[in-house]
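Here are the chains, one letter per residue:
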Amino acid sequence: MKKTVIITGAARGIGRACTELFAAHGYRVLINYHRSGAAAAELANSLQERGYRVALFQADVCSRPQVDQMVEYCQAELGPVDLLINNAGIAQSRLFIDLSVEDWETMIQTNLTGVFHCTQSVLRTMLPRQQGKIINIASMWGQVGASCEVHYSAAKAGVIGLTKALAKEIGPANIQVNCIAPGIIDTDMMVPFTIDEKAALKEQTPLERFGTAEEVAACALFLASEAANFITGQVIGVNGGFVV
Ligand code: NDP
């Protein structure tokens, strides 16, 4: 039976790779975007041309009303939500001492509170059905901390804590909650880094390269599959051995 997935931040990077892969595996995909309307529309068109069932919805994950509308729209257009991939996120590199209150709040709102909004909104539809899966895209920096990314690391550590606690709470409802902690993945998020910084990050990665968005998507596809039905509350590293 065909399943429905909401993917946040689906127009670019890891979210886009997830959209392509899940659509190709028969999922109906709700493509969420915030600012990348043109990229989202182009992606939706190209998938629809290939015969895949997808729909588009603009929502800021920081806004509960927008998230609730997105979940309602998804149910109306594509059917009950079987899977949520909380992928939307931002990054910022700044010394902790220089962080403004706004920097802090924007980071926590987007990368942690956004996960809360989407997860709670979707769970209200999953709990009565006693089935569903949630996959959160955290980061290895949430596991070990990154210098100059304290607010990012704190938000991602929060996502990991949310994942573990929620998995325990809703396990009895037959809903699995897991997170993927990617290492350095070659997307737009890496654009602000200098050539030297990128070289240093590659050197610290045992596999001596960056990961691809497709490699993260492949892990998400496995976690979403029935083969992963006994996996919940876990943090799966897709990091080339950077954090072991
Ligand atoms: P990109 O910068 O390529 O994409 C970020 C995505 O997040 C965009 O689709 C963007 O949507 C979306 N987004 C940002 N803010 C919001 C918002 N308020 N509401 C809805 N969508 C939003 O980054 P990646 O693909 O690399 O990152 C995806 C996830 O993976 C993030 O959570 C990131 O923290 C995590 N990650 C990435 C790593 C990396 O090395 N690249 C490593 C570890 C984790 P739009 O463009 O439409 O505004």
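A. Spotlight on the overall build of the chain. In terms of regular secondary structure, the chain is built from 8 helices and 7 strands. The C-alpha atoms of the chain give a radius of gyration of 17 Å, which matches the 18 Å a tight globule of 244 residues would have. Principal axes of the C-alpha set define a box for the chain whose edges measure 45 × 40 × 35 Å. Taking all 244 residues of the chain together, 49% fall into the buried category. A fraction of 74% describes how many contacts in the chain between residues 6 or more apart in sequence connect residues 24 or more apart. Accessible surface, the chain as shown: approximately 11,500 Å² in total, 54% of it carbon and sulfur. Across the chain, the mean location of the 19 positive side-chain charges is 8 Å away from that of the 23 negative side-chain charges.

B. Region of interest: the packing of helix H1 (residues 13–24) against helix H2 (residues 37–49). One way to put it is that H1 packs onto H2 with a least axis distance of 11 Å and a crossing angle of 15°. Taken together, the axis directions place H1 and H2 in an arrangement best described as roughly parallel. Where H1 crosses over H2, the two elements pack in a sense that is right-handed. Across from Arg 16, Thr 19, Glu 20 and Ala 23 in H1, the residues of H2 making contact are Ala 39, Glu 42, Leu 43 and Leu 47.

C. Just the pattern of salt bridges, in detail. Summed over the entire model, instances satisfying the criterion amount to 6 salt bridges. The shortest N-O distance in the salt bridge between Glu 42 and Arg 16 comes to 3.0 Å. Taken together, the residues Glu 42 in helix H2 and Arg 16 in helix H1 connect sequence positions 26 residues apart.

D. A look at the side chain of Asn 178. The topology assignment puts Asn 178 in strand S6 (residues 175–182). Within the structure, Asn 178 has its side chain in polar contact with the backbone oxygen of Ile 231 (distance 2.9 Å).

E. Just the site of the ligand, in detail. The local shell around the ligand holds 30 residues, among which Arg 35, Ser 36, Asn 87, Tyr 152 and Thr 187 are the closest. The contact in question runs from an oxygen atom of the ligand to an N or O atom on the backbone of Gly 9, over 3.0 Å. His 34 places a main-chain nitrogen or oxygen 2.8 Å from an oxygen atom of the ligand. Protein chains bury 95% of the 890 Å² of accessible surface belonging to the ligand in isolation. Put simply, the parts of the chain that give the shell around the ligand at least two residues each are H1, strand S2 (28–33) and helix H6 (150–170).

F. How the structure looks around the packing of aromatic side chains. Within the structure shown, the criterion is met by 3 aromatic pairs. Between Phe 57 and Tyr 73, the aromatic rings sit 5.2 Å apart at their centres with planes inclined by 40°, giving tilted as the arrangement. Highlighted residues: Phe 57 in strand S3 (residues 54–58) and Tyr 73 in helix H3 (residues 64–78), separated in sequence by 16 residues. According to the relative accessible area criterion, Phe 57 is buried, its value standing at 16%. Measuring from centroid to centroid gives 5.5 Å for Trp 141 and Phe 242, while their planes differ by 85°, and the two rings are edge-to-face.

G. Representation of the packing of H3 against helix H4 (residues 101–129). At their nearest, the axes of H3 and H4 sit 9 Å apart, and the two run at 40° to each other. Taken together, H3 and H4 sit at an angle that is classed as oblique. For the crossing formed where H3 meets H4, the hand is right-handed. For the pair formed by H3 and H4, the contact residues are Arg 64, Val 67, Asp 68, Met 70, Val 71 and Gln 75 on the first element and Phe 116, His 117, Cys 118, Gln 120, Ser 121, Val 122, Arg 124 and Thr 125 on the second. In terms of residue class, the contact of H3 with H4 is made up of 6 nonpolar, 5 polar and 3 charged.

H. Expanded view of the pairing of strand S1 (residues 4–7). Burial of the side chains of S1 extends over both faces: Thr 4 and Ile 6 are buried on one face and Val 5 and Ile 7 on the other. Pairing of S1 with S2 involves 4 bridges; the strand directions are parallel. Residue Ile 6 lies in a different strand from S2, and its bridge partner there is Leu 30. Of the crossover connections in this fold, the one passing from S1 over H1 to the parallel S2 is right-handed. Summarising the sheet, S1 and strand S4 (residues 83–86) pair through 3 bridges and their orientation is parallel. Its bridge partner being in S4, Ile 7 is matched across the sheet by Ile 85.

What counts, and where the lines are drawn
Residues numbered from 1 in each chain as written. Predicted model: local features only at pLDDT ≥ 70, side-chain atom pairs only at ≥ 80, totals over all residues. Heavy atoms only, no water. Helix = DSSP H or I, 4+ residues; strand = E, 2+ residues; numbered from the N terminus. Rg over C-alpha atoms; globule rule 2.2 N^0.38 Å. Buried < 20%, exposed > 50% of the residue type's maximum accessible area, 1.4 Å probe, protein only. Contact = heavy atoms within 4.5 Å. Areas by Shrake-Rupley, 256 points an atom, 1.4 Å probe, with all protein chains shown as cover. Lys, Arg positive; Asp, Glu negative; His and termini not counted. Charge placed at Lys NZ, Arg CZ, Asp CG, Glu CD. Axes fitted to C-alpha atoms, helices over the stretch in contact; angles between N-to-C directions. Parallel < 35°, antiparallel > 145°, perpendicular 65-115°, else oblique. Left-handed = near helix turned anticlockwise from the far one by under 90°. Salt bridge = Lys/Arg side-chain N within 4 Å of Asp/Glu carboxyl O. Polar contact = N/O pair within 3.5 Å; in protein donor to acceptor, adjacent residues only side chain to side chain. Near = heavy atom within 4 Å. Phe/Tyr/Trp six-rings, centres within 6.5 Å; stacked < 30°, edge-to-face > 60°. Nonpolar A, V, L, I, M, F, W, Y, C, P; charged D, E, K, R; others polar. Pairing = 2+ DSSP bridges. Right-handed = clockwise from strand over helix to strand, strands pointing away.

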